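Residue-level structure breakdown
Listed here are the chains, written in short residue letters.
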Number of protein chains: 2
Amino acid sequence: MAKYVYLFKEGSAKMRNLLGGKGANLAEMTNIGLPVPQGFTVTTEACTRYYEDGQTIAPEIEKEIYQALENTEKIAGKKFGDLENPFLVSVRSGSRASMPGMMDTILNLGLNDVAVEGLAKLTGNPRFAYDSYRRFIEMFAGVVMEVERKHFAAELDAVKNEKGVTGDTDLNADDMKEVARRFKDVYNKHKGEDFPQEPKVQLMESIKAVFRSWDNPRAIYYRRMNDIPSDWGTAVNVQAMVFGNMGDDSGTGVAFTRNPSTGEKKLYGEYLMNAQGEDVVAGIRTPNHISTMADAMPEVYKQFTTIATNLENHYRDMQDMEFTIEKGKLYMLQTRNGKRTAAAALKIAVDLVDEGRLTEEEAVLKVDPRQLDTLLHPNFDTAALEKAEVIAAGLPASPGAGSGQVYFTAKDAARAAKEGKAVVLVREETTPEDIEGMDLSKAILTARGGMTSHAAVVARGMGRPAVVGCHDIVINEEKKLMTTNKGLVFHEGDAISLDGGTGKVYKGSVPTVEAQVTGDFATLMAWADKARRLKVRTNADTPRETIQAVEFGAEGIGLCRTEHMFFEASRIAAVREMILSDTQEQRKAALNKILPVQQKDFEEMYKALEGKPMTVRYLDPPLHEFLPAKSMTDEIADLARELNTTSEKIVEKIDALHEFNPMMGHRGCRLSVTFPEIAEMQTRAVIQAALKVRRETGLQVKPEIMIPLIGTRKELAFVKQIVLDTAEKIFAEQGERMEFQVGTMMEIPRACVVADEIAKEADFFSFGTNDLTQMGFGFSRDDAGKFLDSYYENRILEADPFARLDQEGIGKLVEMAVKLGREGRPGLKLGICGEHGGDPSSVEFFHKVGLDYVSCSPFRVPIARLAAAHAAINEKMEKKA
Amino acid sequence: MAKYVYLFKEGSAKMRNLLGGKGANLAEMTNIGLPVPQGFTVTTEACTRYYEDGQTIAPEIEKEIYQALENTEKIAGKKFGDLENPFLVSVRSGSRASMPGMMDTILNLGLNDVAVEGLAKLTGNPRFAYDSYRRFIEMFAGVVMEVERKHFAAELDAVKNEKGVTGDTDLNADDMKEVARRFKDVYNKHKGEDFPQEPKVQLMESIKAVFRSWDNPRAIYYRRMNDIPSDWGTAVNVQAMVFGNMGDDSGTGVAFTRNPSTGEKKLYGEYLMNAQGEDVVAGIRTPNHISTMADAMPEVYKQFTTIATNLENHYRDMQDMEFTIEKGKLYMLQTRNGKRTAAAALKIAVDLVDEGRLTEEEAVLKVDPRQLDTLLHPNFDTAALEKAEVIAAGLPASPGAGSGQVYFTAKDAARAAKEGKAVVLVREETTPEDIEGMDLSKAILTARGGMTSHAAVVARGMGRPAVVGCHDIVINEEKKLMTTNKGLVFHEGDAISLDGGTGKVYKGSVPTVEAQVTGDFATLMAWADKARRLKVRTNADTPRETIQAVEFGAEGIGLCRTEHMFFEASRIAAVREMILSDTQEQRKAALNKILPVQQKDFEEMYKALEGKPMTVRYLDPPLHEFLPAKSMTDEIADLARELNTTSEKIVEKIDALHEFNPMMGHRGCRLSVTFPEIAEMQTRAVIQAALKVRRETGLQVKPEIMIPLIGTRKELAFVKQIVLDTAEKIFAEQGERMEFQVGTMMEIPRACVVADEIAKEADFFSFGTNDLTQMGFGFSRDDAGKFLDSYYENRILEADPFARLDQEGIGKLVEMAVKLGREGRPGLKLGICGEHGGDPSSVEFFHKVGLDYVSCSPFRVPIARLAAAHAAINEKMEKKA
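Since the model is a prediction, treat every value here as computed from it, not as a measurement.

Here we take up the nonpolar core. By size, the foremost hydrophobic cluster in this structure holds 319 residues, and its most contacted members are L372, F602 and I707 of chain A together with F602 and I707 of chain B. Beyond its immediate sequence surroundings of up to four residues, I707 of chain B is in contact with Y618, C669, L716, V719, V723, V742, G743, T744 and M745 of chain B.

What follows is the structure, given as structure tokens:
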């Protein structure tokens, strides 16, 4: 029979999947003898059961919980609801992956009309006891019973009014007692029953609330962003309360074993004396730097630094710790591998290898590929920055440069971002509700909060630049404006820039420059390259992109989209002439004008690649994309003049080319079937360029020609024959030959199921997972936005299938095509060039199914290299295990 | 080693696949001792080899041909190119399936400057000999060497001019000799070499020409229309020439053992004395009825009638025979199962059973299911049709004959029809808005769209004749006229007729005759029903269609498309109100208006079905289809008034609903995910109607609810839960329960590969092969017409995948889903309700993969029943063999 509840002393760090991260680490800390307030963990499997059982806790699990509670009471020497020595607990969520602030927490559980007196007696502080009680009532009512907090706030205000005071601190013990009484009335009024006095009832309801919060919208959104499956579930940690606000010999704080922004090896953190955890986060009082504790409480500081060092050595990673000091005694409430910036992650990983703590491969696994994004993106142009006007400064919470239009609510920010605007989210302070708006913003600015505030932690996790605790600004959310202390006013939509590395905020949009790749980065990537099996190519259409990608480590071009070359102003006229042709002769004449420029494109690309391979995809989009829209009458008139025809004729052609579902229309290889002369011209451009570059540079050039949108073997055979015939003509004309390959995109579902047949005509397959996802799912990428949000909300889909490959469905088509393709042609080369080529979880999948390479946009090349290394190392470790 | 050439005496009727139909039957006739001019057959495999070997005949095959030639010369006692007794042969194609006139024939092969003299001597008729020679030169040059015939015609005219005569018959032997001489010059001029004098060269080139003609455009087209795979190839029959034009004791003719129009058991045919086959076909002389031969040549006639009876008995089917009488001696040149009308097919099949020649199951196989179509629709009066002027031709989208006055909008057509006029609706292409106008028209003609366009699908469903994609006409809707490519103009109100079985459009009203469903039809269908395993249901949306389908033998409704019910004028307002709602409350209010009418629809359907099952598909199309087009400003203004809103707001909504690829957009189950209230309303309508009809009639009603466009298991689970919850509410309200099923359309490629998962939520699958073909192939049905012709021409596709299921690709997805589905849920019910449900070859496929039923439009139900019987009987026979 499954065991659903574990005392901390029964668990270990290895039981992360079952106990969640927090629970596993509490158990581990208990086992290695650290001072941890004791408690127990209700497992993630209990959460899954809870949902399976129709959102109820099964009797056998309830029994286990009560048993664990009894054991914990014994350890603490306290009893639930006791008048002398009441046992109080916190109830916190803790899933397998860290989900900071996404789910619910309940503190001070166990307080009731009796225990509050016990707490008052025990602490000698009745005001503190009743303040705790009224907070617990409000928290329980809000989190567990869904009574809106505003009802409680109103009652608190009423008491303050009656007393004629404005601050909470002006209320004395009797006032707090009155507040608690009134809060119970509010509870009764809204729930139709008394506030539960039985601590076991409080506990059981709170556990259920944590389970429920696994499915709240912000948790769902966070999971989607971070590839966390919904069936993991959350564990619940029930832990004895300790109090950092019991006087001047008490306190609480958070600390990192190394600097999470830079990676510097030095204890980093903040603490507050006579305070609880929420005070540190709330930013009402300014916390002290952790180092000052050395003077304030030398004994405790010494104990803490020793523990910190031990924990880092134990976990072999930088730790993020929470602690509380209760009447001079140190308690560890949590430790976990700390979130860090990309730069810090690289430095820490490399340092840990230097320190002999990690092997190179272990170090590679310590850096999340998705994080690299921030390293590769631009910083402010120094010259421009000098001229920019600093309007405010705050804490440098998450590095990087960001500019955009200011918006004052997460909703407004999200909406504007979806309209394509660059957005800076400006908030008094952020809450977990704001998660989507934060994700969609270029940068985040808050007026309050410290380096470990919600905004700071989340922004660092996202790699989003952030400045927090910026006291130089005053925000008026209602009027949608902010005022700086110099009197400058910024309305919604005005542009600002901010540097999350310096904490400075600038007026207007400051221009940016490319990022510098540091030594740690190069070191780690070299280790990654040693470990990976997958090759990494890039999707690039210009020499500039190619050079950038090669700098980032691309081993060739996996997708050169020739249509992008057609759109350039200098050649679009000839392209349009080709499209508007009535006869094959006219079309060929127009294509002859395009040939030399297209050939020149390829020559430059081959030179930029210096011998690395390039896969050229033949013209793919429907032809109407190259014509002006019908509504652009001026442009049509110009075009008519240029081509010596009439506007009417052009409009007629636009109408004729109109398609109901262009994504499934006359495009891809279908263009070459109806107009073989297009494939002929493109073959000439590719082969003639390759021959010329080989002659001029001596580079070994081996063209790879890729036919898009193939659905049947005969279709590929037909287009391939055009390519082969044209190539032979060129070889005869020029008196020299070269090897080249002809392959196909795999992007039509039918092609995947007959891949053995298609492979007989193909030298390689490259999966076009964008189109394969569109057609496999029947989701038009341009239209699905309208309904996909409902899919996420209802947990039908957990991730955007265009960002993260749907491995169960579309992935099955890929696997099938891999297997059949290699059956049809042993040694067939296999790659992928859809958007998913730069998505780490998808890269892992492509590694597993045995592709030869992935290809992605230049800025994602390092991400793909690292993800490929992760896949290879993880596979090796699994095999060992 | 494969044998590529068979003497007639080496083959048999069973070797049809190898020898082709003609070759197999010549062999069979030889074996049963009939007088057949001897020869040999080059096999279909030699044809396949020919293409594999890059259009050359391999040396070993050439060797076999020469060996067979030598043997044949010995049998005939003649020699190629001989001055005394020259051996002449015909070279004819002959594939596995009959392809009348599609491929090339060469007669009199073997003639050269020497043999022509031999022939003159032998026949005592030099004019005949030189006429034969010059014809052979022209035929060889034209068919084999691709010299245009006009060059020969010009030379013949020149000789006649010089002689001052006009007719060929005015030329004497010397003139013909001159013509032959000049023809050889023409040949030399165009080919740069002499006309080949060596008969073996003539033979080998002619065989190659027959192989090549397998791939000529008309053969490709014929194969596509008749589901003949291109890899079957054609055989070549080389046969000793006999001459029906050697005098008054010679002749030639064709005859059927029964009347191919009516099926009457009586010899039916024609012959001409002193003539060759082409003279009978050319129609210059009027042939005699076969019965007159009894007087003209009683001995030969007696011999022929005996042979005819024997052949029919031997083949146990009506025979179509060609014969020649050379100097009083009868030769059989061909026999085959004769083509016949649908009525004749039924009569002959039933008669042959009565005569004890066939079993019932064998008789069922004698009737081609596709033929039944013509029996079920009115047809033009044959005599009148011959006189009618063809003005245009398009795709034969829905069979039957229709005449009436043309109208260019559905509204105008409906109005005229309501005034009692016979109307033909002529549209650029139809939209769901046009439903009423289409229903009230006698026939439908569209300029655009393919065999599965909206017009085609709806017309077939309605049993309304339709010709679609008719590029010969240009429609000017504004001026209310259409112009044909011959310049004829038809205004509103002018009469035209069209034949939806042939695609032809005629000027004026051609009179029609009602189709007669004869007793033979009923008899044969009863035999078919006994034999088949597949159930046959119908796609029907109205009680009228339902009753029609049940008359045609439908065993239930496999697809009731609820959206068609939404378009009716009386309810479209509420539907539009629902779509234009801003809140869920407004939407629910509008849905409440639709509920009673939709429920009434279902009540009527259930009553019409009298206890047979009905599968109701929930709302499928994108919502914008229910709104007027943006250009219809008047209608939008009306709608705004009606709904108490503004035109601007409606246009805004139309814009918001616009999709780039609506086929892969917000439709199907996605509507129920975003607007669960739609599924709730439809569940109410289905279940409440079923309960009511059960109460009122006592019929056993068991609703089958079908959720369209499912791609994932969770999606189905989500919508199913809405259905189950709503049903439970109704059962509680009404105090009675009923069983019902919830299943899904399988039409998304992804669904097929995860069918085991989806089956866990589904009581049944119904394959939506239209959408599955669209997304599986990435072919937009409405757009593919633009490029599919190129696909047929280039042999990339052999059939329209929307008309005939692509068994290799899309079929593989179906098979996969069948297998996985039954793994996921043993006993899962499986059907198909796409257009392919009425296509015989597809029905056979669905039988083989093990579906439980097919569902098709009412007029296709008998076709599907017969096709299902064919599949079952063929399978049984294969197992026996």
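It is worth spelling out helix α34 (residues 810-824) of chain B at this point. Compared with the 21 Å implied by 1.5 Å per residue over 15 residues, the 21 Å span of α34 of chain B between its first and last C-alpha is a close match. Looking at α34 of chain B, one finds that the buried residues are I810, G811, L813, V814, M816, A817, V818, L820 and G821 of chain B.

Another point: the side chain of R670 of chain A. Mapped onto the elements of the fold, R670 of chain A is located in helix α27 (residues 669-674). E715 of chain A provides the closest opposite charge to the buried, salt-bridge-free R670 of chain A, at an N-O distance of 4.6 Å. At a separation of 2.8 Å, a polar atom in the side chain of R670 of chain A contacts the main-chain carbonyl oxygen of G665 of chain A. For R670 of chain A, the side chain forms a polar contact with the main-chain oxygen of G778 of chain B, separated by 2.7 Å. When residues no more than four places from it in sequence are discounted, the contact partners of R670 of chain A are M664, G665, L709, E715 and I748 of chain A together with F777, G778, F779, F787 and Y791 of chain B.

On to the environment of A759 of chain A. Residue and element names in this part refer to chain A. In this fold, A759 is placed in helix α31 (residues 755-759). Taking the C-alpha atoms as reference points, A759 and P826, 67 residues apart in sequence, are found 9.1 Å from one another. If sequence neighbours within four positions are ignored, A759 has contacts with F765, G821, G824, R825 and L828.

Here we come to helix α2 (residues 44-52) of chain A. Residues and elements named next belong to chain A. Residues T44, A46, C47, R49 and Y50 constitute the buried set of α2. Here the buried face of α2 lies against α1 (16-31), β2 (39-42), α3 (59-76), α8 (199-213) and β5 (234-240). Looking one or two residues beyond α2, the residue adopting positive phi is G54, at roughly 70°.

In this section: the interface of chain A and chain B. Facing 50 residues of chain A, the contacting portion of chain B comprises 51 residues. Between chain A and chain B, roughly 4400 Å² of surface is buried when both sides are summed, and carbon and sulfur atoms account for 58% of that area. When residues of chain A are sorted by the area they lose upon contact with chain B, F660, M664 and R750 of chain A head the list and together hold 15% of the total. The tally of links between chain A and chain B comes to four salt bridges. Of the charged contacts in the structure, one is a salt bridge between R750 of chain A and D806 of chain B, with a shortest N-O distance of 2.6 Å. Seen at the junction of chain A and chain B, the total is 27 residue pairs in polar contact (both at pLDDT 80 or more). For the side of chain A that touches chain B, the secondary structure elements donating two or more residues are α26 (647-657), α27, α29 (713-734), α30 (749-753), α32 (769-777), α33 (785-793) and α34 (810-824) of chain A.

Calculation notes
- Residues numbered from 1 in each chain as written.
- Chains lettered and ligands numbered in written order.
- Predicted model: local features only at pLDDT ≥ 70, side-chain atom pairs only at ≥ 80, totals over all residues.
- Heavy atoms only, no water.
- Core = buried A, V, L, I, M, F, W, Y, C linked by side-chain atoms within 4.5 Å.
- Buried < 20%, exposed > 50% of the residue type's maximum accessible area, 1.4 Å probe, protein only.
- Contact = heavy atoms within 4.5 Å.
- Helix = DSSP H or I, 4+ residues; strand = E, 2+ residues; numbered from the N terminus.
- Expected span 1.5 Å × (residues − 1).
- Lys, Arg positive; Asp, Glu negative; His and termini not counted.
- Salt bridge = Lys/Arg side-chain N within 4 Å of Asp/Glu carboxyl O.
- Polar contact = N/O pair within 3.5 Å; in protein donor to acceptor, adjacent residues only side chain to side chain.
- Buried area = accessible area lost by both parts, 1.4 Å probe.

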